[in-house]
Amino acid sequence: MSQVRLRFSPAPTGFLHIGSVRTALYNWLYARHVGGTFILRIEDTDVARSTQESVDQIQQVLRWLGLDWDEGPYLQSARFDEYLAAARHMVEEGRAYECYCTEAEVRERNEQAMREGRPPGYDGRCRDLTPDDRAARAAEGRAPSIRFRTPDDGRSSFTDAIRGEVAVEWSTISDFVIVRSNGTPVFFLANAVDDLDMEITHVLRGEDLIDSTHRVLALRRALGHDDQPVYAHMPLIVGPGGAKLSKRHGAVSVEEYRDAGYLPAALLNYLALLGWGPDDGREILSSEELVTEFELDRVNTSPATFDPKKLEWMNGEYIRAMPLPELVSAVLPFARDRYRERLDIPRFEAAVRLAQVRSTTLVQIADQMAFLFTSDDEMEIDPASWEKASKVENAADIVDAVMAFVENCEWTDEIDPRPAIEAVGAKPGKVMHILYTAIEGRSLGLPLFDSISLLGRESTLERLRAARARL
RNA sequence: GCCCCGUUCGUCUAGCGGCCCAGGACGCCAGGUUCUCAUCCUGGUAACACGGGUUCAAAUCCCGUACGGGGUGCCA
């Protein structure tokens, strides 16, 4: 059996979309599942829109996610000669031809056709130009593009590993450009040539490319190859309502999730479940488990809606399952960024432990401990929390009693002021919000007893005094 | 317009002719545990787009309709 080879081939024209990452993931999963080769290929044939920043970013994101590739990155921009040679070969064999229509003319004709209710598409007027015709047009200053001559009749079909047979009449596909008039190759050509040269055996990509497959396959045949790789088109990831996933629905770039405190493993796990699932219904799967479980024929056929809520839940599951030291180092960059030199490591580690079970993102963990790294006089009290908490009966008595208690108690890992509260005749459960608010700034947050202990006697008293003064 | 692909709870999905008056997960709602919040536990809510076939039997197969998405580019 021949070696399985897959490629992830993004266009470097911006940040890596969440849908592209899912494509990369499935390619990687399949490659690892069957012990094949995973190749990174940058499809930067559109020189005007491709950027080096984007090329760098793609690699950075894949590394962060742990999607390691075995070959590449290959840049198509470095292989233009190959594509142009293939195009010339096709022209010589009459499989393609020079077209002297300008981009503007073609566009104008298509718009005209639409207005008149005719189907758009190149009309083939340059198909059979004589050498004299060509010379005349070139003399007008027209630079030719190269168009592939598609069959006039018959059908094109291929077997999709996910969908089965996909067929279309050739009459509905007009001659398409494979080399631009500026001399640069177009996606279809580069794609066909590279898949051949790189001996790609499986092409796993988004459903939006399903129609282009017929063209790429025709190009392969024109290049003398009747064999075809296994194609599998996966459903797209869409936003709420089935619309295209966009900024309006939350983050669409991986960097945004990374910066919001999502774990790569959780993101991968969630994305893997968008369009595929193991037969036993498990939801939480490590990358290793995903690799062993992944099967191409279990990939779904219908689009999946991206659900930020479920991603968040899953991230929380990963955070809770993490060994503390690992979590501490994961949160550290976020905490450093927020608290700078104020950050105290032992205190930080203790706070992470307390926050672990009550957070769904690393950012949430870092944020919850803010009161520990804020000076007493800079403490901000959440107005809504204060409003509610300060309304309790005997608020002043309670705070006074707790201050007296804190002042004299033995200092342990958990300072429990409930006896003091009960002593003034109040029910701890009902009135403790005022203590949370005074000490942590909000009525909800890290457990109070631990928080008081971490904060220390002096700061705790200072904050209680400030609260007492506000009553 | 034409072509292609798709359609199971709000969402992700299981189901590949009988085990399904449809199972799991997220969300939501209710209750329990708890120093707040959260975790955790228990229970509840809610779906086979529609219409025809085929078959003893259909969520599962076929056809049509509707709806959604994609393509129709000198973008990928």
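Here the structure is a predicted model, which is why all the values come from computation and not from measurement. (Residues numbered from 1 in each chain as written. Chains lettered and ligands numbered in written order. Predicted model: local features only at pLDDT ≥ 70, side-chain atom pairs only at ≥ 80, totals over all residues. Heavy atoms only, no water.)

Caption draft 1: Examining the environment of E71 more closely. Turning to its location among the elements, E71 is positioned in strand β3 (residues 71-75). Not counting chain neighbours up to four residues away, the residues in contact with E71 comprise R5, T37, F38, I39 and L40. (Helix = DSSP H or I, 4+ residues; strand = E, 2+ residues; numbered from the N terminus. Contact = heavy atoms within 4.5 Å.)

Caption draft 2: Representation of the pattern of salt bridges in the model. Tallied over the entire structure, the rule returns 37 salt bridges. Of the charged contacts, one joins R5 and E71 as a salt bridge, the two residues approaching to 2.9 Å between their closest N and O atoms. On the criterion of sequence distance, the pair formed by R5 in strand β1 (residues 5-8) and E71 in strand β3 is long-range, its members being 66 residues apart. Using a relative accessible area of 14% as the deciding quantity, one classes R5 as buried. By relative accessible area, which is 22% here, E71 ends up partly exposed. Its salt-bridge partner being E293, residue R282 comes within 3.2 Å of it at the nearest N-O pair. Here the residue R282 occupies a position in the loop between α9 (264-272) and α10 (287-293), and E293 occupies one in helix α10, the gap between them amounting to 11 residues. Residue R282 is classed as partly exposed on the basis of its relative accessible area of 30%. Overall, the relative accessible area of 26% leaves E293 in the partly exposed class. In this structure, a network of salt bridges that share partners links the residues R7, R41, E43, R79, D194, D195 and D197. (Salt bridge = Lys/Arg side-chain N within 4 Å of Asp/Glu carboxyl O. Buried < 20%, exposed > 50% of the residue type's maximum accessible area, 1.4 Å probe, protein only.)

Caption draft 3: View of the protein's contact with RNA strand B. Around RNA strand B sit 63 residues, and of these T45, R49, C101, R180 and R358 come closest. Across the atoms of RNA strand B situated within 4 Å of the protein, the share located in sugar and phosphate is 72%. Between a sugar or linking oxygen of RNA strand B and a main-chain N or O atom of V357, the distance comes to 3.0 Å. Between RNA strand B and the protein, one listed contact pairs a base nitrogen with a side-chain N or O atom of D450 at 3.3 Å. (Near = heavy atom within 4 Å. Polar contact = N/O pair within 3.5 Å; in protein donor to acceptor, adjacent residues only side chain to side chain.)

Caption draft 4: Fine view of the packing of aromatic side chains. The tally for this structure, following the rule as stated, stands at 11 aromatic pairs. Note on Y339 and F373: the rings are 5.2 Å apart at their centroids and 35° apart in plane angle, and the pair reads as tilted. Note that Y339 is positioned in helix α12 (residues 324-339) and F373 in the loop between α14 (362-368) and α15 (383-389), a separation of 34 residues in sequence. A network of ring pairs unites the aromatic residues F148, F176, F187 and F188 as a single cluster. Note that R147 overlies the ring of Y122, its terminal NZ or CZ placed 3.7 Å from the centroid. (Phe/Tyr/Trp six-rings, centres within 6.5 Å; stacked < 30°, edge-to-face > 60°. Lys NZ or Arg CZ within 6 Å of the ring centre and 35° of its normal.)

Take it as geometry only, folks, not as evidence of what the structure does.
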